[in-house]
Each structure stands twice: as C-alpha cells, then as structure tokens.
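# Inside the fold
The primary structure of each chain is shown beneath.
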Amino acid sequence: MNTQKLADLYRSMFRIREFENAAEIASQGGVAAWGLAASAKPALVRGPLHLSTGQEAVAAGVCHALTKEDMLTSTHRGHGHTLAKGADATKMMCELFGRATGYNKGKGGSMHIADFSVGMLGANGVVAAGIPIATGAAHALKIQKKPYLVACFFGDGATNRGPFLEGLNWAQVYGLPVLFICEDNRISATTPTKTMSAGEGAFARAQSFGIPAVQVDGNDVMAVHEAATKMTAEIRTQGGPRFIHAVTYRFKGHVSVDPGTYRDPKEVEAAIKNDPLIATRNKLIAAGLPLSQVEAIEAEAQKEIATALAVAEAAPWPVVTDAYEDIMNTSAGVWV
Amino acid sequence: MTISTMSYAEAACLALREAMKADPTVIALGEDLGRGGVFGQYRGLREEFGPDRIIDTPISEANIMGSAVGMALAGIRPVVEMRVIDFALCAMDEIVNQAAKNRYMFGGQGRVPLVARMPIGIWSASAAQHSQSLEAWFAHMPGLVVVAPATPADNYGLLKSSMASGDPVIYMEHKELWGLQGEVDTAIEVPIGKGKKLAQGNDLTIVTWSRGVGVCQQALADGAFGKLKPDLIDLRSIWPWDKEMVFESAARTGRLLVVHEAIQVAGFGAEVAAATAEATACKVKRLGAPRIPVGYAQILENESRLSVEKVATAANSLFKA
C-alpha cells in the first residue's frame with residue numbers, strides 16, 4: 001500500500017467530513033422542514049443542506065484520480081466532490097452562508113456550488129441534470145481535441161430518470177471521455193431505491209449500453225481510487241466512457257434538518273460503526289504513518305474549516321443590485 | 001454585400017454557414033441534421049463542415065439540449081435543433097433550469113451562448129402535438145432571449161444576431177414559412193429587440209409576429225380594414241420586445257390590437273397589451289387562438305388559425321363603443 005497516497009486520500013476525506021459537520025451545525029434552525037419549528041435566531045445556513053457525510057470515500061477516491069484540467073459535474077449532495085476537486089473551503093462556506101464572497105456571490109447556495117476555475121461545472125438541484133451537461137462538456141473536449149475528461153457524479157436515484165439513459169447512450173455512441181460515477185447511497189431522498197427500481201441496478205444498466213463498468217465498495221477509498229485511476233487511464237488512452245458503481249451509505253437524512261426516521265436505526269448504526277473515515281484512519285496507522293502525522297493532517301483540516309466558518313460569518317452580504325446582475329447580455333436592465 | 005432572393009429556410013442556412021465559416025467553435029446538433037434537417041434548413045452543411053460540426057443525434061431531446069449547455073460551458077457555441085417546439089417540451093429542464101439559470105445561479109462563472117431552434121406553428125394538418133406556438137412560455141423565463149422571425153431577411157439577420165448574442169436564445173421559426181421567398185441583404189444587421197414598421201397609419205396600432213405578419217399584411221392588401229389606416233408592427237423579438245416602437249405608436253393611435261397564432265389566454269399578446277395600456281392608456285384588444293388543442297381536420301384546425309376576417313373583426317371591435 002502506498003502510504004503517501006492513502007494519507008492524501010485521508011486528508012481529503014477528513015476535510016470533507018469537517019466541512020459537512022460544520023455546515024450541519026450552522027444549518028440548525030434553518031429550513032423549517034420535516035415539521036421542525038423554525039428557530040427564533042436564523043441559522044447561518046438558511047437553505048436546504050444535503051450532506052454527504054459517510055460518502056467521503058467516493059468523492060476523494062475519484063477526484064484524486066483527476067487532473068486540474070479535467071472537469072466535473074455534481075449533484076445536490078456535492079460538497080465532497082467540490083472540495084476533493086480542489087475548491088476553496090472558505091469560498092464554499094461563504095456561499096452556504098449566502099455571502100457576496102461565496103463562489104456564486106450568494107446566488108446559489110449549497111445546491112449550486114460551482115468552481116469553474118478547477119473545472120467544477122456545478123452542483124445541480126435537479127436529479128440527473130448533470131449527466132447531459134457532462135456529456136456536452138466531454139463532447140466539447142472531443143471537438144476541441146483536448147486530452148481531458150469529465151467526471152460525472154450522480155446518485156442511485158438518478159438512474160431512474162430519462163437523462164441517465166439518454167446521457168449514457170450519448171456518451172457511448174460518440175465515444176466521449178466521461179467517467180460516470182454512480183454514488184449509490186441506496187436511498188432516493190427518503191425512499192429505498194431498491195423498492196423503486198427494476199432490474200439489477202446502476203451497474204447492470206451501464207453494462208447494457210456496452211460501457212465498461214465496475215462495482216466497488218464505495219466506503220473503501222483505496223478501492224474507489226484504484227478503480228478511478230484505472231478507468232481514467234483507459235479513457236485517456238482508449239477514449240470512450242467508463243462507469244463506476246460505488247456503493248456507500250448516507251449517514252444523515254435527506255437534508256440536514258431531516259432526522260431520517262424512515263430508516264431502520266440498526267441499519268444506520270451499523271453504517272456508522274463501519275465509518276469509512278475511521279476505517280481509512282486505521283489503515284493509515286496500520287500502514288505505518290505515525291499517529292502524530294495523522295493528527296497533524298486532522299488538525300490542519302480542522303483549522304481550515306474553522307477559518308472558513310469565521311470568515312463566512314464575518315463576510316458581507318450581497319447588495320440588492322446584485323439580484324440584477326449575471327443574468328444575460330441581451331436586455332440587461334430590462335426587468336419588466 | 002450581396003442581395004439575393006431566397007427562401008426563409010435558405011436564409012437561415014446561409015446565416016449558419018457564414019457563422020460556421022467565421023467561427024470554428026460554432027456547431028449544430030440535432031436529429032436528422034446530416035440529411036439537411038427535417039425541413040431542409042441545414043441542407044449542404046454536413047457536406048461542407050463534416051459530421052463533427054453538423055452532429056446527427058439520437059432522439060434524445062433532453063440530452064441534445066443538456067449537452068449543448070455542457071458544450072457551451074466548455075467553449076463551444078452550439079446551435080441546437082429541436083425539430084418542432086412540441087418536442088422541446090421533452091427538454092424543458094435543460095432549457096429552463098439549466099441553460100437559462102446557469103449564469104446567474106453560479107454567480108456569473110459560466111456563459112451559455114447557445115441558439116435553440118424550435119419551429120412553431122400550425123402546418124400541414126399536423127394536429128395537437130406538432131402545431132403549437134409557445135413563445136409565452138419562454139418569454140416568462142429570465143435568462144432567455146426569445147425571437148420569432150417572419151421573413152427570409154429577418155431569419156438571416158436574427159439568426160446571426162442570436163448566435164452572436166452570447167445568451168441562450170429560443171429561436172422560433174414558423175413551419176409554414178419555410179418556403180417563403182424574399183430578398184436577403186447580407187449587409188443588413190437585424191438587432192434583437194427591434195421591431196419593424198410594415199405600414200404607417202394613425203387609426204390603430206397592430207402588433208404581430210411570426211405567421212401573424214403575413215395574415216395582417218394580407219388583410220391590409222385586401223382592404224379588410226376599410227377606411228382604417230393601421231400602424232402595422234412586426235415585433236420580431238418577443239424578449240426583449242420593442243416597447244419604444246409599440247408605445248410610440250399606441251400613444252399616437254390610442255388603440256392597440258395584438259395578433260398572434262398562439263393561444264390567446266396568457267399568450268404574449270396579453271403582456272404586450274397590458275404593458276402598452278399601462279404606458280399609454282390606450283384601448284387594447286387581443287386576437288389569438290381559442291384555448292383548444294389544434295385539431296386535425298381542416299374545419300377543426302381552422303378554429304386555431306388566424307385569418308384575414310378574424311383580424312379585421314378584431315380591429316373593428318376597437319372602434320365600437
């Protein structure tokens with residue numbers, strides 16, 4: 001085992017976990033959903049927050065197989081992908097807080113974070129909507145003869161939407177450089193995906209298009225990373241799409257204020273007991289990285305997220321006129 | 001500068017050809033484009049530019065539109081063919097939630113310079129799913145430009161302006177106009193948002209677009225308005241629309257008739273009428289289709305069609321107490 005590589009992956013996972021935990025706390029009292037009373041004091045994160053807590057191994061494992069020039073489309077549960085692709089945690093936190101200094105100037109929030117400077121073309125509030133966009137970005141790369149690829153993350157719920165079928169077919173027909181990653185947390189919002197899906201699931205559906213696919217333990221960061229490394233290399237040398245079906249588990253509810261009472265508590269308990277973050281930490285120590293170095297990685301990430309929180313809370317709000325900017329060239333200034 | 005006579009379809013083809021020659025990032029994608037498009041509006045382009053720039057696609061409207069958004073974000077300027085606007089309904093998420101909102105939602109990081117061509121209108125006994133005019137749907141959406149040319153010259157000029165605009169443009173050609181012949185002067189630019197005055201008069205203002213233009217011109221030629229002299233305006237762009245021209249005219253005539261083939265209820269004519277009445281206190285009248293699906297049999301289809309008689313009756317009604 002490559003200890004340095006594992007340490008990098010652990011750093012990435014830990015950073016995501018810290019970010020999600022911090023954002024979760026900052027969102028309490030925000031959305032008055034799931035019958036919860038709105039708090040008297042408005043939450044720092046007002047809007048819905050779809051946490052990827054427990055799924056960090058998929059984001060880290062895949063994104064560490066990408067180059068900076070490679071592009072990425074993500075989902076409503078996209079903080080992990082965005083962080084792992086190299087986005088700045090402070091600018092992300094500012095966006096969650098709705099501040100002018102956020103990635104989207106406070107216009108998008110958690111569901112729409114994008115960082116085009118690292119090829120992150122956007123999280124998306126619509127399930128499966130990133131798939132056609134990813135195929136288009138990959139089509140552009142093919143037209144431009146650029147040697148990069150597009151990583152396209154989506155959940156298991158997306159495999160029941162039309163754009164999943166259209167996009168997989170499209171990528172295979174044109175031989176486009178797309179790495180599809182089905183991040184299968186086994187639940188579609190609040191309903192078990194299995195109860196809503198015919199056939200054998202994402203992996204089988206990908207194979208039915210003739211797309212080379214693998215199924216990996218999405219809680220084993222090294223397994224995810226090795227699959228992604230192999231498949232990105234194949235895309236770069238042979239062209240065409242590849243598909244990773246990574247099975248993982250969502251620790252939290254659909255959104256941060258959802259207690260997730262529709263799940264069997266034993267199932268959640270078992271998943272938390274097998275926390276991929278702790279498993280990775282144990283592997284890292286077993287591989288010989290001194291505990292002091294493990295703790296240094298953790299302290300560094302904790303400091304980064306603490307800074308992100310402090311900066312975000314002090315950051316300026318957008319001004320009213322910002323509502324009228326970044327819309328279109330034609331007819332800018334004509335709003336009625 | 002070249003002036004020549006060509007069809008509405010050929011004019012669009014010429015505009016696209018010139019844009020593709022001038023800019024290697026311009027491409028077109030859609031079903032059956034390789035054989036020239038379902039209405040021949042892409043004829044010859046595949047031979048000239050090859051299959052990587054005139055892209056034949058699967059019947060996957062959502063992915064056609066969604067991939068065009070992805071292409072645009074990655075530096076390509078796609079022209080998207082939806083075949084008929086009725087099929088664009090299969091791509092509404094990609095148009096409304098993705099193309100239109102990308103720039104704003106992501107804080108101005110991305111641009112989506114694409115032109116989505118979606119032919120509108122009643123044509124060739126095509127019934128309820130191949131005949132709609134849905135300009136009002138898209139006029140409602142921030143982030144989108146909406147254009148509806150009525151002549152070969154405007155189809156040439158507006159397609160060029162649309163491709164150059166840098167915004168997502170909903171480009172509505174009318175299926176019954178493909179064969180319409182007219183002079184095209186390639187030196188004339190047609191800016192988005194500017195109407196065209198087709199007749200001068202002081203008695204009433206008639207605002208129309210797309211297929212409505214020909215019907216209103218026919219009414220004028222037939223003398224259907226009697227002694228009334230209308231100011232006749234082809235709006236050409238639905239969003240932004242030429243308020244300056246319409247308001248000036250309506251303020252002068254005191255009477256406004258808006259004519260469109262789309263369903264009258266909540267049609268874009270309602271917006272034009274309301275905005276103009278607010279600005280000028282003019283009297284207003286709308287003429288659009290009844291709120292019924294377009295029927296197949298001629299007698300049924302006619303109920304949804306504009307006619308010289310319907311336009312004349314609507315115009316005259318503005319003069320009744």
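Throughout this document, residue positions are counted from 1 along each chain, in the order its sequence is written. Written order decides the labels, with chains lettered from A and ligands numbered from 1. Only residues with pLDDT of at least 70 get local features here, since the model is predicted, and only at 80 or more are side-chain atom pairs given and counted; chain-wide, interface and lining totals rely on the full set of residues.

### Considerations on the overall build of chain A
Just so we agree on the cut-off: Strands here mean DSSP runs of E at least two residues long; helices mean DSSP runs of H or I at least four residues long; both are numbered from the N terminus. The size measure is the radius of gyration over C-alpha atoms, and the globule rule it meets is 2.2 Å times the number of residues to the 0.38 power. Exposed residues have 12 or fewer other C-beta atoms within 10 Å of their own C-beta, buried residues have 20 or more, and residues in between are partly exposed; the C-beta atoms are placed from the backbone.
When helices and strands are tallied, chain A shows 11 helices and seven strands. Taking 20 Å as the expected radius of gyration for a compact globule of 336 residues, we find that chain A reaches 20 Å, a close match to that expectation. With the C-alpha coordinates aligned to their principal axes, the bounding extent of chain A is approximately 55 × 55 × 40 Å. By the burial criterion, 53% of the 336 residues in chain A qualify as buried.

### Quick look at the interface of chain A and chain B
The condition is simple: C-beta atoms are first placed from the backbone for all residues, and any pair lying within 7 Å is then listed as a contact. Residues are sorted three ways: Asp, Glu, Lys and Arg are charged, Ala, Val, Leu, Ile, Met, Phe, Trp, Tyr, Cys and Pro are nonpolar, and all the rest, Gly among them, are polar.
Contacts between the two partners involve 37 residues from chain A, matched on the other side by 38 residues from chain B. Considering every element that reaches the side of chain A that touches chain B, the biggest residue donor is helix α5 (residues 130-144) of chain A, with 11 residues. Residues that form the side of chain A that touches chain B fall into these classes: 19 nonpolar, 14 polar and four charged.

### Notes on the nonpolar core
If you look at soluble globular proteins, the nonpolar side chains tend to sit buried side by side. This is how the line gets drawn: Connectivity within a nonpolar core runs through C-beta atoms within 7 Å, and the core itself is a set of buried Ala, Val, Leu, Ile, Met, Phe, Trp, Tyr and Cys residues. Those domain boundaries reflect an automatic or database domain assignment.
Formed by 198 residues in total, the largest nonpolar core has its most connected members in A137, C152, L179 and I181 of chain A together with A116 of chain B. Composition of this core by domain shows at least three residues from each of domain 1 (3-185) and domain 2 (196-317) of chain B. Setting aside residues no more than four positions away along its own chain, L179 of chain A makes contact with L149, A151, C152, A228, M231, T232, I235, R242 and I244 of chain A.

### Considering helix α1 (residues 8-22) of chain B
Think of an α-helix as 3.6 residues a turn; residues three or four steps apart then line up on the same face. All names here are of chain B. We count it as follows: In this scheme, a helix's expected span is set at 1.5 Å multiplied by one less than its residue total.
Taking 1.5 Å of rise per residue, 15 residues should cover 21 Å, and α1 covers 22 Å from first to last C-alpha, within 8% of that figure. Buried residues dominate α1, accounting for 11 of its 15 residues. Of all the positions in α1, only Y8, A9, E10, A11, A12, C13, L14, A15, L16, A19 and M20 are classed as buried. For α1, the elements touching its buried residues are β1 (3-7), β2 (26-30), α2 (45-49), β4 (77-81), α8 (152-164) and β8 (181-185).

### Concerning helix α4 (residues 89-96) of chain A
Residues and elements named next belong to chain A. Within α4, eight of the eight residues are buried, which leaves it mostly tucked inside the rest of the structure. Within the span of α4, buried status applies to A89, T90, K91, M92, M93, C94, E95 and L96. Packed against the buried residues of α4 are α1 (3-27), α3 (79-84) and α11 (291-314). Count one or two residues on from α4 and you reach G98, which has phi positive near 75 degrees.

### Things to note about the packing of α1 of chain A against α11 of chain A
Residues and elements named next belong to chain A. Keep this limit in mind: Orientation is described by axes fitted as lines to C-alpha atoms, over the contacting stretch for helices, and by angles from 0 to 180 degrees between their N-to-C directions. By the definition used in this description, the sense in which the near helix is turned from the far one sets the handedness, with an anticlockwise turn below a right angle giving left-handed and a clockwise turn giving right-handed.
Look at α1 against α11: their axes get within 9 Å of each other, and the N-to-C directions meet at 35 degrees. The crossing of α1 and α11 is right-handed. Residue-level inspection shows A7, Y10, R11, F14, R15, E18, F19 and A22 of α1 in contact with α11, the latter providing I297, E298, A301, Q302, E304, I305 and L309. The residue makeup of the contact of α1 with α11, split by class, is nine nonpolar, one polar and five charged.

### A word on the packing of helix α6 (residues 162-174) of chain A against helix α3 (residues 61-73) of chain B
For clarity, the cut-off: Angle categories are assigned with fixed cut-offs, so that under 35 degrees is roughly parallel, over 145 is roughly antiparallel, 65 to 115 is roughly perpendicular, and the rest are oblique.
Where α6 of chain A meets α3 of chain B, the axes come as close as 9 Å, and the angle between the chain directions of the two elements is 70 degrees. Taken together, α6 of chain A and α3 of chain B sit at an angle that is classed as roughly perpendicular. Along its contact with α6 of chain A, which presents G162, P163, E166, G167 and W170 of chain A, the element α3 of chain B presents A62, N63, G66 and S67 of chain B. In the contact of α6 of chain A with α3 of chain B, the residues fall into three nonpolar, five polar and one charged.

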